[in-house]
Amino acid sequence: MHIEPGVVDGAKMILSYGTAAAAAGLSLKLVAEDLRSHSAASFALRTVLATVGTFICFEVLPHVPVGVSEVHLILGTTLMLILGAGPAALGLAAGLLVQGLFFAPSDLPMLTVNVTTLLFPLIGIHMLARRIVPAHKPYVDLGYADVLKLSVAYQGGIVAWVAFWALYGHGASALSGVVSFGAAYMLVVIVEPLADLAALAGAKALRRFKDSGAFAHRLHHAA
């Protein structure tokens, strides 16, 4: 999902500053919502866990360049369900920043582009989960159909944003690269729901730690 330097440049980068600011504002709203039902210590712990998880997805798990970007297994749905939307949003942004500062400094100029690409789909699936998951149903009890919907929405959102940035930066000449990237990236949808279900099963087995602060309240409780 990385947009490489040069895909968007010059004056066109101004748009990414606005979209990243909007994503940051919405993320801060999620943070405020989280802090109303969790302690600051719990929020901090879950944010650190989300950052570590994001970094593993970016730097440790396999990733390959395809078309206009790279295909990563970004477990955004897993992070949101297990840790909460607010910590997941901060963790995704912090993971990108850590990667740029210490491992891939050439990516730093595109930070606002890539933050936008990750955060808006996360915010979208947070809203979708509120609509499709009954209020009385804890996330640990979700089935394959539910996590598939969330995964398709998240990965589809990433593909849509990558396509937007590529076409915005290079116009129709980027279309073939967008198509090949989108086709490859949607294969992630086959894997992510299984990863989500495995993570939820693990969280369910650890139900005795549900009030430890390491999990979002919504994971084991009704809304």
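Coordinates for the structure precede this section.
Residues numbered from 1 in each chain as written. Predicted model: local features only at pLDDT ≥ 70, side-chain atom pairs only at ≥ 80, totals over all residues. Heavy atoms only, no water.

Participant: Please give an account of the packing of aromatic side chains that cites residues and values.
Facilitator: We describe a pair of aromatic rings using the distance from one ring centre to the other and the angle between the two ring planes. Inspection of the entire model under this criterion finds seven aromatic pairs. The interplanar angle of 85° and the centroid separation of 5.7 Å between the aromatic rings of tryptophan 161 and phenylalanine 164 together place this pair among those described as edge-to-face. With a gap of three residues between them, tryptophan 161 and phenylalanine 164 both fall in helix 6 (residues 144-170), about one helical turn apart. Judged by its relative accessible area of 36%, phenylalanine 164 falls in the partly exposed class. On the numbers, 6.1 Å between centres and 70° between planes, the contact of tryptophan 165 with tyrosine 168 is edge-to-face. Of the two residues, tryptophan 165 and tyrosine 168 both sit in helix 6, three residues apart, roughly one turn of that helix. Judged by its relative accessible area of 0%, tryptophan 165 falls in the buried class. Given the relative accessible area of 26%, tyrosine 168 is considered partly exposed. Members of the aromatic cluster, joined through ring pairs, are Phe120, Trp161, Phe164, Trp165 and Tyr168. Positioned above the aromatic ring of tyrosine 168 is the side chain of lysine 12, whose terminal nitrogen or guanidinium carbon lies 5.5 Å from the ring centre. The ring centre of tyrosine 139 lies 4.7 Å from the NZ or CZ of arginine 218, which sits over that ring. (Phe/Tyr/Trp six-rings, centres within 6.5 Å; stacked < 30°, edge-to-face > 60°. Helix = DSSP H or I, 4+ residues; strand = E, 2+ residues; numbered from the N terminus. Buried < 20%, exposed > 50% of the residue type's maximum accessible area, 1.4 Å probe, protein only. Lys NZ or Arg CZ within 6 Å of the ring centre and 35° of its normal.)

Participant: I'd love a proper account of the environment of proline 109, names of residues and values included.
Facilitator: Mapping proline 109 onto the fold places it in the loop between helix 4 (85-102) and helix 5 (111-132). When the C-alpha atoms of proline 109 and proline 5 are compared, they prove to be 6.9 Å apart, with 104 residues separating the residues in sequence.

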